[in-house]
Amino acid sequence: MSNPATPPRSLAEALRARDDASLAVLLRARPDLITPVPTDLTQLATRAGTRASVLRALERLDRFALQTAEALAVAGDPAAYGELLGLMAGDAGDPPVAAALPRALGALRDQALVWGDDDRLRLVRTAREVLAPSPQYPSPTGLGPSVREAAAGMSPGRIQEIVTAAGLPSTHDAVSAVTALGKLFGHRKKMAKLLGGAPAESLDVLSRLVWGPPYGQVTPEPAAHLRWLLDRGLLLPTAPGTVVLPREVALHLREGRAHREPEPVPPVVEPAATHRPQVVDSTAAGQAYTALATVEELLKDWDEGGPAVLRAGGLSVRDLKRTAVALDLPEPVAAFWVELAYAAGLLASDGEADERYAATPAYDEWLDRPPAERWALLAQAWLTATRASGLVGGRDAKDRALSALGPGLDRSAAPEVRHRVLTLLAGLPEGTAPTAASVLARLRWERPLRGPQQQGEDLRGRLARWTLSEAELLGVTGRGALSAHGRVLLGAPPAEAEQEPERRSAGPGDKLPVHHHRPAALEPLSPPEQAVAAAAAGRLLAPLLPEPLDHVLLQADLTAVAPGPLRRPLADALGVLADVESKGGATVYRFTPASVRRALDAGRTATDLHAFLTAHSRTPVPQPLAYLVDDVARRHGHLRVGAASAYVRCDDDSVLNEIMADKRAAALGLRRLAPTVLATQADPAGLLEGLRAMGYAPAAESAAGDVLITRAHAHRTPPRSAPEPVPDGPPPPDGTLLAAAIRAIRAGDLAATTPRKAAGTAVQGGDLPRTTAAETLATMQAAVLTGGTLWIGYVNAEGTASQRVIAPIRVEGGFVTAYDHTADEVRTYPLHRVTGVAELVED
C-alpha cells in the first residue's frame, strides 16, 4: 500500500487513495467502468484510460471543463496549477475564470481524467493524445506543437543558425539550443523586444496564425518578411513547403491564453415571453386533450387494419401522407403521433403474412382509463422513448430513407435531451417561455461539439428543437412555458399551495408576484420513479381537462355542433350517423344520406335514430333532418341482395323493371329469374355498391333471408409490449450496485497489493499461490484458531482462476467455510480447488 502522504505515481495509486464516496462519484459518472466489475483498482485504472472510455467521458464534459482539459493537453506533463491557471486566465488574469477553474478541475479529477496533486497535475495519457495538437488533428485551442516537438527533425546546424539569429549565444549541442530557444519564446519581455524589430508584414503573418490553425504554406524562395520569421524560429518547417507557429510564440501573442474565449459560466436561458401561470396550465390542458383525441382518431382510422408494413419495415411515404390527410395535420406532426402511439404500446404490426399495422389490445385498456391517466401514459412514453420522429423523411448513414415506424429512428441521447430541455424550462419563473436560441446555446455549453456538425446543426440541437415543439403538442408546455403538471412529470415538486389563492383572485389585468422555481438538480428518474411522477402529473392535470358533454346542437342545415368534447358513447354513435366536417374548439358534424344509411346498416332503425337525436340535442330536431332520416329509412332494405352468385329481390316488381331499364345497370349483368328476383354473376358486395351508385338503398341479407347488419370489425394485433428504449451505454448504477462493486474492487485490490508470507512456492507478481495439499490444510486450520486472514488461489468449476482474501471459520469434510472479503459474504470452498494459500503480512 502506498503512503497517503506520498504523491501518487500512477492513476491506480491515485484511485487507491480515494475514499468510497469519491469512487462512487467516478463510477456513477462513468458506468462503463464497472461493466463488468473490475477485479481491483489497477484494472479499474487501466479501463479508465482506454480510448473508448475516455472519449465517452470527454463528450460528457461541459465546455469549460473541456477547455480546461484542452489547456492541460498543451501544458507541461506534469503541470502545476499555476501554469494551468495562466493558460486559462492569461497573463492579465480573469477573475471569472480563476473562480470557476477549481470546479472544472474537480470535475476532471472526479472522472479520473486528471490525477495528481496541484503541483503535479497529469492528464491521462489517452486524453492527452486525443486533445494534444498534431499536424493531422490540430488542437481545439488552435495551438501548434512546442519548439522542441517542431524542431525534432531539424539539423543541428540549422538550429544553431536560428539561435544565433534570435540573439542567443550558440551552444555545444542541439538539445540545449532548442531549450534556450523555448525559454526565449516563453519570456514575455525578451519576446516583446524581439518582435519589436519585426517588419509589419511579419507581424501580420503571425496575427493570422495566432488563433489557429497554426500551419501555413511557403514557397521555396519565401518573401523577406517570411524569411525574417524563419531565420529566428518564429516559424518552423514541419514538411516541405509547410511551416508552423510554435506553441510558445502563439502563447506570447495571446498573452498566455490557451483559448480565445474561455467560457467559465454557462449561458443564461433568456425569456421570450411571460404568461400568467393559470393561462399556461389551461392552454397545456387543452392541448393535452387534443393530443388524446388525435391518438384516438389515428387508431380509430386504423381500427379495421392500418397500412401495410414495408418490406424493410415502417410506413410508406404514401401511407404517411394518407394518415396526415385523415388527421388534417402536416406530415411531420402526423409522424410524431404515429411514433408516440407506437412508443406507448398502443400500435404495432400484426405479424400476419400480409403484415399490417393495427391497434394492440393495450389500446382497448387505454381507452377505458380516465383522460388524465391516458395522457400520463403518453407523456411517460414520450419522455423516455429513444425514437426520434423528427428524423422521418431524412436519410441514414447509408443514404437510406428513414420512414415512420421503421428502423433507424432510435437515438440514445433523445431521453436525456428531452429531460434536460424541460429541466431548463423548470428553472425559469412560472409562466416564462424561453427563446429557443438560448436553450440551444445552453445545451451546447453543457455538451460541446467534438466533431463535424450534421446538416448545419448537431444532433442534440435538433433533438432540443423537436422537444420544444413536441412538448407543446403533447400539452407538457403551454405557450412555450412549462406547465405545472409538466414540472411534476420531471419529478419536481408542484407550485406552492399558497400561490393558488393569488391565482384565483387575480383579475385579467392584475400582476401576480413572480415565483421562481429553480431546482438545484432534476436528475433523470428510474422507470418506477418515472411511473410515479407521471401518475402524479396526471392527477394534477385532471381538474384542468374539459368535462365531456352529453349533448349537441342540431341545426337546420343538416349539421350538429358539439361545443366541446363528447362522451365516448355519444361520440361513437354520432360518428356513425354523421360525418365530421370540421374540428377545433367545437366539432361540426354533417348528416348526409350516406351517413344515415351507414347507421341503418349498423342495425339502427329510424325510430332509434329519432330517439337518439331527441335525447342528445339541446335544440329541437330540425324538420329537414327528420325528413332525411325517414326518407333514407323508407328506401333502406326495400331491395335485398344475396348470394346467387348474387341476386336482388323486391316485392315491388316495378322497381326491378326500373333497374333493368336503367343503362347504368348494364355493367352489373342483371337477368330476371322471377317477377320479383334479379340475378347476376357479380359478388354481393359489388352489387351493393353498384345499386347504391345508382341511387338505391339496398340491404344485404343472409341465406335465411334476414337482413345482415354491417359493423366495422375491430382488428387487433396479438399482445405486444412497447418498444424498449435503446440505452446510451450502460445505465447508471444504483446505490446497491455501487456499494457492492466498490466492496469487490477494494477486496480484490487488497488481495493484489497486500504483501504475503508464502507458505510454499514463492509468489511471483500476480501469480496464484502454490502450496501442497498438506500445507494448504495446515495453514487453513491455523487461521481458524488464530482468526487470521489468508490469500488463496481458487479455480472454479468452469476452470476460471481468481484470487480471494478469506478469513476461515471452519475446515471440515474437505471444505473450508470462510468470510470472503472479495464477495463480502460467507462462502464454502472445496479444498481441492484451492491452488495454494499465503498469509497476509500484518500492518
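Above this text is the structure in question.
Small disclaimer: the values here were computed from a predicted structure and weren't measured.

Caption draft 1: Highlighting the sheet that holds strand 4 (residues 236–239). Pairing within the open sheet is antiparallel, and its three strands lie in the order 3-5-4. Lying at the two open borders of the sheet, with one neighbouring strand each, are strand 3 (215–217) and strand 4. Between one strand axis and the next, the sheet turns through 40 degrees on average, direction left out of account. Examined bridge by bridge, strand 4 and strand 5 (residues 242–244) share three bridges and lie antiparallel to one another. Paired with Leu236 across the two strands is Val244, which belongs to strand 5.

Caption draft 2: Main features of the packing of aromatic side chains. Taken as a whole, this structure holds four aromatic pairs when the rule is applied. Lying over the aromatic face of Trp366, Arg374 brings its terminal NZ or CZ to 5.4 Å of the ring centre. Residue placement shows Arg604 over the ring face of Phe612; its charged tip is 5.7 Å from the ring centre.

Caption draft 3: Structural view of the nonpolar core. Within the largest apolar cluster, 90 residues are counted, with the highest numbers of intra-cluster contacts made by Phe185, Leu234 and Leu235. The greatest single-element share of this core, amounting to eight residues, is contributed by helix 5 (residues 63–74). The contacts of Phe185, once residues within four sequence positions are left out, are Val147, Met191, Leu194, Arg232, Gly233, Leu234, Glu248, Val249 and His252.

Caption draft 4: Helix 17 (residues 317–327), seen in detail. Along helix 17, the residues classified as buried are Asp319, Leu320, Thr323, Ala324 and Leu327. Along helix 17, the residues classed as buried sweep out an arc of 140 degrees about the axis, all on the same side. In helix 17, the exposed positions that point more than 90 degrees away from the buried face belong to Val317, Arg318, Arg322 and Val325. Positive phi appears at Asp328, one or two residues downstream of helix 17, with a value of about 60 degrees.

Caption draft 5: Layout of empty space enclosed by the protein. Applying the stated criterion to the full structure yields five cavities of 30 Å³ or more. Reported here for the largest cavity is a volume of approximately 100 Å³. In this structure, the largest cavity is lined by Phe336, Glu339, Leu340, Ala343, Ala381, Trp382, Ala385, Arg387, Ala388, Ser389, Arg418 and Glu470. At the level of secondary structure, the elements contributing two or more residues to the lining of the largest cavity comprise helix 18 (331–343) and helix 20 (371–384). For the lining of the largest cavity, the element with the highest residue contribution is helix 18, accounting for four residues. Residues belonging to the lining of the largest cavity are distributed by class as follows: seven nonpolar, one polar and four charged. Counted as a void, the second largest cavity has a volume near 60 Å³. Every residue lining the second largest cavity is listed: Pro7, Pro8, Trp115, Gly116, Asp117, Asp119, Arg120 and Arg122.

Caption draft 6: Quick peek at the side chain of His252. Looking at the secondary structure, you find His252 in helix 15 (residues 247–253). Residues within four places of His252 in sequence aside, it is in contact with Phe185, Arg188, Met191, Ala192 and Leu195.

Caption draft 7: Summary view of the packing of helix 17 against helix 18. Between helix 17 and helix 18, the shortest axis-to-axis distance is 9 Å and the interhelical angle comes to 95 degrees. Taken as axis vectors, helix 17 and helix 18 run roughly perpendicular relative to one another. Contacts between helix 17 and helix 18 involve Leu320, Lys321, Thr323 and Ala324 from the first element and Glu331, Ala334, Ala335 and Val338 from the second. Considered class by class, the residues forming the contact of helix 17 with helix 18 number five nonpolar, one polar and two charged.

Caption draft 8: Just helix 30 (residues 623–635), in detail. End to end, helix 30 covers 19 Å across 13 residues, agreeing with the expected 18 Å (1.5 Å per residue, within 8%). Along helix 30, the positions that sit buried rather than exposed are Leu625, Ala626, Leu628, Val629 and Val632. Buried residues of helix 30, seen end-on, are gathered within an arc of 160 degrees and therefore sit on one face of the element. Facing away from the buried surface of helix 30 by more than 90 degrees, the exposed residues are Tyr627 and Arg634. Taken together, the buried residues of helix 30 touch strand 12 (553–555), helix 28 (593–601) and helix 29 (606–616).

The rules behind the values
- Residues numbered from 1 in each chain as written.
- Predicted model: local features only at pLDDT ≥ 70, side-chain atom pairs only at ≥ 80, totals over all residues.
- Heavy atoms only, no water.
- Pairing = 2+ DSSP bridges.
- Helix = DSSP H or I, 4+ residues; strand = E, 2+ residues; numbered from the N terminus.
- Axes fitted to C-alpha atoms, helices over the stretch in contact; angles between N-to-C directions.
- Phe/Tyr/Trp six-rings, centres within 6.5 Å; stacked < 30°, edge-to-face > 60°.
- Lys NZ or Arg CZ within 6 Å of the ring centre and 35° of its normal.
- Core = buried A, V, L, I, M, F, W, Y, C linked by side-chain atoms within 4.5 Å.
- Buried < 20%, exposed > 50% of the residue type's maximum accessible area, 1.4 Å probe, protein only.
- Contact = heavy atoms within 4.5 Å.
- Arc of directions from axis to C-beta.
- 1 Å grid on protein atoms, 1.4 Å probe; cavity = no way out; pocket = protein on both sides within 12 Å on 5 of 7 lines; lining within 4 Å.
- Points joined across faces, edges and corners; volume = space filled by probe spheres on them.
- Nonpolar A, V, L, I, M, F, W, Y, C, P; charged D, E, K, R; others polar.
- Parallel < 35°, antiparallel > 145°, perpendicular 65-115°, else oblique.
- Expected span 1.5 Å × (residues − 1).

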